[in-house]
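# Structural features, examined
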Amino acid sequence: MRLRNIKGAGEAVAASTYVVQEPEQQAGNWNTLFGNTNPIHIEIGMGKGRFLMTLARQNPGINYVGIERYSSVLIRALQKMETDPLSNLLFLCIDAGCLEQIFAPGEAGRIYLNFSDPWPKDRHARRRLTSPEYLSRYRKVLDGSGHVEFKTDNEALFDFSLESIEAAGWKLAGCTRNLHLDPEMNAGNVMTEYEEKFSAKGNPIYKLIALP
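Along its length, the chain carries 9 helices and 7 strands. Here the chain has a C-alpha radius of gyration of 16 Å; the compact-globule value for 212 residues is 17 Å, and the two agree. Taken along its principal axes, the extent of the C-alpha atoms in the chain is 40 × 35 × 35 Å. Per-residue burial for the chain yields a buried fraction of 47% across its 212 residues. Put simply, 75% of the contacts in the chain that link residues at least 6 apart link residues at least 24 apart.

Rendered as structure tokens:
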């Protein structure tokens, strides 16, 4: 996916009070940063922030951390936060490959992966956010009852993810190949921008919930 560079985005992200600038210093101290002992949920690849901001608004008793590596994308979420601030939401502009340096073991209760880059070439499989390599990182930071929720419109990526979960020794707690026609899995579903776009075209949305 080719991103349009937005002039000044990097500077705005670096100056924002909503973005944690040196997150590796917060490992084990995220509750102190939020000022409470509420559970911490993470979205990796949060895009413009609609999904996570909706959850944060609906669940004031949960702290949310949104990870987006591209400042030209994250800037859109910052603009929304400036007009509608949320005290239980913070952002990181980092690559999720360093997740276990950012969060202490057992510090997170849930990880959301929504419409992640499929990295379709086989040689890039390790970069997929549902690869065994990334599942190993998630296992380290999730608490004993934590889990991963993954949504995509890409069937090949979904099949790969199911194989990765089995190979990594994780367990499926939920799985559907047509989320919006599955009453149980769709209950309480919050749509992302991509999800709304793809489902409007009639594309099925795939979802799984996995336990380490």
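Still to come is the rest of the account.
It is worth spelling out the pattern of salt bridges at this point. One pass over the full model with this rule turns up 12 salt bridges. A salt bridge links lysine 80 to glutamate 193; its shortest N-O distance comes to 3.4 Å. Note that lysine 80 is positioned in helix α4 (residues 71–83) and glutamate 193 in helix α9 (residues 193–200), a separation of 113 residues in sequence. Between arginine 177 and glutamate 155 there is a salt bridge, with its nearest N and O atoms 3.5 Å apart. Of this pair, arginine 177 sits in the loop between β6 (171–176) and α8 (183–186) while glutamate 155 sits in helix α7 (residues 155–167); the two residues are 22 residues apart in sequence, bridging distant segments of the chain. Among the residues examined, arginine 177 registers a relative accessible area of 39% and is labelled partly exposed. Judged by relative accessible area, which is 41%, glutamate 155 ranks as partly exposed. Three or more residues joined by partner-sharing salt bridges are found here, namely Glu100, Arg137 and Lys140.

With respect to topology, 7 strands assemble into an open sheet ordered β3-β2-β1-β4-β5-β7-β6, the strand pairing being mixed. At either margin of the open sheet sits one strand with a lone partner, and together these are β3 (89–92) and β6. Averaged over all neighbouring strand pairs, the angle between strand axes comes to 15°, with direction disregarded. Inspection of the sheet shows strand β4 (residues 108–114) paired to strand β5 (residues 142–152) by 6 bridges, in the parallel sense. Bridge pairing in β5 places alanine 108 opposite leucine 142. Along the sheet face, helix α6 (residues 132–141) touches β1 (40–44), β4 and β5 and points at about 140° away from the line of β5.

About the thresholds
- Residues numbered from 1 in each chain as written.
- Predicted model: local features only at pLDDT ≥ 70, side-chain atom pairs only at ≥ 80, totals over all residues.
- Heavy atoms only, no water.
- Helix = DSSP H or I, 4+ residues; strand = E, 2+ residues; numbered from the N terminus.
- Rg over C-alpha atoms; globule rule 2.2 N^0.38 Å.
- Buried < 20%, exposed > 50% of the residue type's maximum accessible area, 1.4 Å probe, protein only.
- Contact = heavy atoms within 4.5 Å.
- Salt bridge = Lys/Arg side-chain N within 4 Å of Asp/Glu carboxyl O.
- Pairing = 2+ DSSP bridges.
- Axes fitted to C-alpha atoms, helices over the stretch in contact; angles between N-to-C directions.

This is a description of form; function is not addressed.
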